Amino acid sequence: MIGLRQRGIDTTEYDLDQLKELRAGLDSGVEIERYAKKEFLAIQMHQIRRGLEEGIDVSRYASLDYDWFQMEEIRKGLRASLNVDCYASPEIPYDKMRQVRKGLAQGIDLSRFLKLSAKTLRQLRKAYVSKVNIVEYVTEGYDPEQLEEIRKALEKKLDIVPYLSKEFRGIAIHEICKGLEEGLDVSHYARVEYSWQQMRELRYGLENRIDISQYSNSMYSARQMEQIRLGLEEGLDISGYRSLIYTSADMERKRKELLADIARDIVEQSRAPVVLEDFIITISGDEQEAYLEIRGSTDNEYDKEKILRALKDEGVKEGILEEELDRMLAERDYNKPVLIAKGRKPEKGGDGWYEYFFRTNPEENRNYAEDGSVDYDTVSWFELVKEGQRLACYHEAGAGVSGYTVTGKFLRTTKGREQKMLSCSGVLLLYDKKTYVAAMDGRVELNENHLKVSEVCVLDEVTKSGGDVDFDGSVLVRGRVERGTVLRATGDVVIEGEVGDCVVDCGGSLLVKRGARGISKGRLEAGRNVAGRYFDSTVVQAGHDVYANYIINCNIHAENRVVVSGNGGGIAGGVVQAIQGIEAHQVGNQNRIETLIQMGVTGSLLKAQKKIDRKIEQIHNDLSVLGNAFVRFQRKYPPEVRNTMEMYLKIEDAIYTKELEQGEMYKKKSELQERIDKMEDVRAVIKGNLFEGTIFEIDRMRWHAKPESNVMVKRTGERIGVYRR
């Protein structure tokens, strides 16, 4: 307070939140007079203070004409050296400002579209970034929800145009796009008479290869459609409940009754034997077997026809084993029960299945030498195909076999369940709706239910004379990647030759068959796995795992594990950071080379955790300031007045937005904590020698290794322990 008074500021004119901002400005040494106006809300003061601390010209927004959200957008634009003149006007809402600012940061000027809504601006910005044109649909009056689906369809190169109508809600266009992605004939449901829920049920039916004409009447509700669809998928005779007179609840009840009839045992308990003058007839509880015991002396003879009449009189009508009866009479096999009739249980049809004509998990294809090392020359993460090549064939579900009981009851069967149709890109589904072929030359891959052929950039080698490579897709290099070059790709990268002191960065997995040797600038980075024969003096960053036959003097970071194969495979020198542990034959060497192995909770994870905590604290503070302002408005003005005040409504909206943001941050914090908790059992498995000079760091605790062999290193309580394997 004294410091503020010394600056000539009357502290009695400000509330506590405003005073906090003024004191924070004093502490950081900024010119607090620039925002020491009692008319500014504390949260507006906060934006001006942040700008002063960042060294930007706050005069561009330090005005009561701007609310705090607008101030923030102008501040962020100035901080990024953007031309804020495009949007720095009090008449422009903050959400429009945000889209223009983000556009400018991406090299796009959206200021000429400021008459459009913020949500439409957002879709335009994203369309420009992905290089698709949605301006004509904006002009035609499609709303932001529709524009988002159109944009995504154009980005995926889906033929959506023939099915577009402004009468379709965005979510209905989404259902059409889903069908197009899966190669379905969407003309069956891309009609205005269907709601999006009905479209979805029809799409599900097409995916599951059933006859959707059984329920494509738009008079059915989506819930009724669902019950008919489920019945068809379960192989039921739905004719008894598909009438429009039944509600969806009625349909569900009847469907479940049909299922119960099929599953129910015919009789729960065994029948009592029927004792006749010369025979005892016993029928099993499920009526699948009947036994006959002929009573009498072996000197007696019995008439076959009389026995058959007795069986039928007692209900044994099907599956009678007459040959067995002939044997009993011929051998006089009396006075013991003999199986005389046998029913047949129904057999459900086999489920539909896909036959693939390529390796669906190429990364798992590894050949090992006698010493356990991986033969990377034979590893192939790519499966290249030619246009028109057959990729998959669907085999339909079987019809099943009905059954019967010895008493003549018919037992219904059910057809096997059909599999969903594959969603496709770069793939054609032939007219038989079963055969999938490549629509182009490229790389084939199967990810869950998505079959994809994508373009592959095939290069002989990457050299300085040929220039750097930046490719949207996967890259196959037949030879080397020369020192000083840069290779970037959004997909996977396979390099069949050696990699020098260069940069390779890919969004998928990276395979370096002959290995990589860097000197000063060597860096390999992949969104998923990195694998190679060896890595020497190279920085390796992997979103999942790192695999090699040996690693020397590298800086390795793997979000999951580092696995070094073979009896001679080892890690020597450098830093290996493997959050979920390592596996190697040897760690360190006889010369006691310093080798740092970091596992478990790392500094980067703790940094991420602190960043989330700081963000939560900031949101909490913002909510406190907004909440105080909200209460002051409520105390000062009656509802009929404050509910018409723009500032009050903005505060109300801001509280709602901040609470949503707070919930999202708590979710991220929980996910990160769950990941950290999984690291409790992280370990290093050394199958051969562990040498002195190796340092283990687990969850920020350090242990200097002693010479050991065939051990496991892990954290035990508050220390790092070594255990014999």
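Predicted model only: the values in this text are computed from it and were never measured.

Enquirer: Whenever I open this one, the overall build of the protein confuses me. Can you help?
Expert: Of the regular secondary structure elements, the protein holds 17 helices and 36 strands. Radius of gyration (C-alpha) of the protein: 37 Å, far over the 27 Å computed for a compact globule of 725 residues. Projected onto the principal axes, the alpha-carbon positions of the protein cover approximately 130 × 80 × 55 Å. The buried share among the 725 residues of the protein stands at 47%. Here the analysis covers contacts within the protein between residues at least 6 apart in sequence; of these, 41% occur between residues at least 24 apart. Of the side chains in the protein, 110 bear a positive and 121 a negative charge, and the two mean positions are spaced by 5 Å.

Enquirer: Even after reading the chapter, I still don't get the sheet that holds strand 7 (residues 390-395), so can you show me in this structure?
Expert: Sheet strands pair via backbone hydrogen bonds, and the direction of the pair is either parallel or antiparallel. The four strands are arranged 5-7-12-11 in an open sheet whose pairing can be described as antiparallel. Here the strands that pair on one side only, and so sit at the sheet edges, are strand 5 (353-356) and strand 11 (427-429). Put simply, the sheet's adjacent strands are angled 20 degrees from each other on average, direction ignored. Of the pairings in the sheet, the one linking strand 5 to strand 7 comprises four bridges and is antiparallel in character. The residue of strand 7 that forms the bridge with Glu355 is Cys393.

Enquirer: Could you clarify how one ought to interpret the confidence of the model for the protein in this entry?
Expert: Reading fine detail from the predicted coordinates is not recommended where pLDDT is low. Summary statistics for the protein give a mean pLDDT of 89 and a share of 98% for residues scoring 70 or more. For the stretch residues 265-269, pLDDT sits under 50, and the model shows nine contacts to residues farther than four places along the chain or on other chains.

Enquirer: Would you mind showing me how to read the state of the cysteines here?
Expert: Simply put, disulfide is the name for a covalent bond between the sulfur atoms of two cysteines. On inspection of all chains with the given rule, the structure shows zero disulfides. You can see Cys502 has no disulfide; the closest cysteine sulfur is in Cys506, sitting 12 Å from it. Under the relative-accessibility criterion, Cys502 is labelled buried at 2%.

Enquirer: What am I meant to see in the packing of aromatic side chains here?
Expert: Geometrically, a pair of aromatic rings is defined through the distance of the ring centres and the angle of the planes. Tallied over the entire structure, the rule returns 14 aromatic pairs. For the ring pair Tyr356 and Phe358, a centre distance of 5.8 Å and an interplane angle of 70 degrees mean the geometry is edge-to-face. A residue is classified by how much of its surface remains accessible, and Tyr356, at 26% relative accessible area, is partly exposed. Relative to Tyr550, the ring of Tyr534 has its centre 5.4 Å away and its plane inclined at 10 degrees; by these criteria the two rings are stacked. Highlighted residues: Tyr534 in strand 24 (residues 530-536) and Tyr550 in strand 26 (residues 546-558), separated in sequence by 16 residues.

Enquirer: Would you explain a negative patch on the surface in this entry?
Expert: Taken together, Glu664, Glu671, Glu674, Asp677 and Glu680 make up a surface patch of like negative charges. With respect to the helices, strands and loops of the structure, Glu671 is situated in helix 17 (residues 646-677). We classify Glu671 as partly exposed; its relative accessible area is 45%.

Enquirer: Would you explain the side chain of Thr463 in this entry?
Expert: Of note, Thr463 is situated in the loop between strand 15 (456-459) and strand 16 (469-471). Thr463 sits in the buried class, given a relative accessible area of 11%.

Enquirer: I tried to follow helix 11 (residues 222-233) on my own but got confused; where do I start?
Expert: Relative to the 16 Å expected for 12 residues at 1.5 Å per residue, helix 11 spans 16 Å between its end C-alpha atoms, a close match to the ideal helical length. Taking burial as the measure, the 12 residues of helix 11 include nine buried ones, the bulk of the element. Those residues of helix 11 that sit buried are Ala222, Gln224, Met225, Gln227, Ile228, Arg229, Leu230, Gly231 and Glu233. Once helix 11 finishes, Gly235 follows within two positions and takes phi at roughly 75 degrees, a positive value.

Enquirer: Would you mind going over the pattern of salt bridges with me for this structure?
Expert: Two side chains bearing opposite charge may form a pair once their charged atoms approach each other closely. Taken as a whole and assessed by the stated rule, the structure comprises 61 salt bridges. For the salt bridge of Glu155 with Arg151, the shortest nitrogen-to-oxygen distance reads 3.0 Å. Taken as a pair, Glu155 and Arg151 lie in helix 8 (residues 144-155) at a separation of four residues, close to a single helical turn. Note that Lys420 and Glu207 form a salt bridge whose closest N and O atoms lie 3.8 Å from each other. Taken together, the positions of Lys420 in the loop between strand 9 (410-411) and strand 10 (423-425) and Glu207 in helix 10 (residues 196-207) put the pair 213 residues apart, joining distant regions of the chain.

Enquirer: Before we go on, may I ask you to explain the nonpolar core in this structure?
Expert: Across soluble globular proteins, nonpolar side chains have a tendency to be buried as a group. Of all hydrophobic cores here, the largest spans 90 residues; its most connected members are Tyr436 and Leu451. For this core, the element with the most residues is helix 9 (residues 170-181), which contributes five residues. Ignoring any residue separated from it by four or fewer positions in sequence, one finds Leu451 in contact with Phe358, Leu391, Ala392, Leu422, Ser423, Cys424, Ser425, Val427, Tyr436, Val444, Glu445 and Leu446. Formed by 53 residues, the second largest nonpolar core is a distinct cluster that contains Leu487, Leu524, Ala684 and Ile686.

Enquirer: I tried to follow the sheet that holds strand 14 (residues 450-454) on my own but got confused; where do I start?
Expert: An order of 6-13-14-10 is seen for the four strands of this open sheet, with the pairing classed as mixed. For this open sheet the edge positions go to strand 6 (384-385) and strand 10, each flanked by a neighbour on one side alone. Both strand 13 (residues 442-447) and strand 14 contribute to a ladder of five bridges, which runs antiparallel. By the bridge assignment for strand 14, Arg443 is matched with Ser454.

Enquirer: Please clarify how the environment of Glu226 should be interpreted in this entry.
Expert: Within the secondary structure layout, Glu226 lies in helix 11. Taking the C-alpha atoms as reference points, Glu226 and Ser284, 58 residues apart in sequence, are found 39 Å from one another.

Enquirer: Quick question: what am I supposed to make of unusual backbone geometry here?
Expert: It is generally the case that most residues other than glycine have a negative phi and that most peptide bonds are trans. In this structure, Glu287 is a non-glycine residue whose phi angle is positive, near 60 degrees. Along the chain, Glu287 turns up in the loop between strand 2 (279-283) and strand 3 (289-294). Take Glu287: its relative accessible area is 0%, and that puts it in the buried class. Located in the positive-phi region is Asn335, a residue other than glycine, with phi close to 60 degrees. With respect to the secondary-structure elements, Asn335 resides in the loop between helix 14 (322-331) and strand 4 (338-342). Classification of Asn335 as partly exposed rests on a relative accessible area of 44%.

Enquirer: Help me out: how do you make sense of the environment of Leu164 in this one?
Expert: Take Leu164: it is sitting in the loop between helix 8 and helix 9. On a C-alpha basis, the gap between Leu164 and Tyr137 in space is 9.9 Å, while along the polypeptide they are 27 residues apart.

Enquirer: Honestly, a positive patch on the surface in this entry has me stumped. Any pointers?
Expert: Judged by side-chain charge, Lys607, Lys610, Lys611, Arg614, Lys668 and Arg700 come together as a positively charged surface patch. Mapping Arg700 onto the fold places it in the loop between strand 33 (694-698) and strand 34 (701-704).

Enquirer: Which parts of the structure should I look at to understand helix 3 (residues 42-53)?
Expert: Residue pairs spaced three or four apart in an α-helix point in one direction, given the helix's 3.6 residues per turn. Helix length check: helix 3 (12 residues) gives 16 Å between terminal C-alpha atoms against 16 Å at 1.5 Å per residue, within 8%. Judged by how many residues are buried, helix 3 sits mostly within the fold: 10 of 12 residues are covered. All buried positions along helix 3 are accounted for by Ala42, Ile43, Gln44, Met45, His46, Gln47, Ile48, Arg49, Gly51 and Leu52. Positive phi appears at Gly55, one or two residues downstream of helix 3, with a value of about 75 degrees.

Enquirer: Got a minute to help me understand the environment of Thr435 in this structure?
Expert: Relative to the assigned elements, Thr435 resides in strand 12 (residues 435-438). For the pair Thr435 and Trp353, spaced 82 residues apart in the sequence, the C-alpha separation amounts to 12 Å. In this structure, Thr435 is in contact with Arg390, Ala392, Cys393, Leu428, Leu429 and Leu430, ignoring residues within four places of it in sequence. At 2.8 Å, the side chain of Thr435 forms a polar contact with the side chain of Asp432.

Reading the values: the criteria
Numbers given for residues are sequential positions, taken from 1 along each chain in its written order. Where totals are concerned, whole chains, interfaces and linings use all residues; where local detail is concerned, this predicted model gives features only for residues with pLDDT of at least 70, and gives and counts side-chain atom pairs only at 80 or more. To obtain the side-chain values, all non-hydrogen atoms of the structure were included, while hydrogens and water were left out. In this description a helix means any DSSP run of H or I spanning at least four residues, a strand means any run of E spanning at least two, and both kinds are numbered starting from the N terminus. Put simply, the radius of gyration uses C-alpha atoms, and a globule should come to 2.2 Å times the residue count raised to 0.38. Here the term buried applies to any residue with accessible area under 20% of the maximum for its type, exposed to any over 50%, and partly exposed to those in between, with areas from a 1.4 Å probe on protein chains only. It only takes one pair of heavy atoms within 4.5 Å for two residues to be counted as in contact. As used throughout, the charge tally considers Lys and Arg to be positive and Asp and Glu to be negative, leaving His and the chain termini uncounted. Where a charge lies is defined by one atom per residue type: Lys uses NZ, Arg uses CZ, Asp uses CG and Glu uses CD. In this analysis, strands are considered paired if DSSP registers two or more bridges between them. Here an axis means a line fitted to C-alpha atoms, over the contact stretch when the element is a helix, while the angle between two N-to-C directions is reported on a 0 to 180 degree scale. For every residue, the pLDDT score states the predictor's confidence, bounded by 0 at the bottom and 100 at the top. Counting rule for disulfides: a pair of cysteine sulfur atoms within 2.5 Å. Here a pair means two rings of Phe, Tyr or Trp (six-membered ring of Trp) with centres within 6.5 Å. Their orientation is stacked below 30 degrees between planes, edge-to-face above 60, and tilted elsewhere. Like charges within 9 Å and nonpolar side chains (Val, Leu, Ile, Met, Phe, Trp, Tyr) within 5 Å are joined into patches, using only residues over 30% in relative accessible area that form no salt bridge. Note on areas: Shrake-Rupley, 1.4 Å probe, and residue coverage restricted to the protein chains presented here. Here a salt bridge means any side-chain nitrogen of Lys or Arg lying within 4 Å of a carboxyl oxygen belonging to Asp or Glu. Expected helix span is given by 1.5 Å per residue-to-residue step, counting one fewer step than there are residues. Note on terminology: a nonpolar core comprises buried Ala, Val, Leu, Ile, Met, Phe, Trp, Tyr and Cys residues joined through side-chain atoms within 4.5 Å. In protein, a polar contact requires one atom able to donate a hydrogen and another able to accept it; more generally it is a pair of N or O atoms within 3.5 Å, and residues adjacent in sequence count only if both atoms are side-chain atoms.

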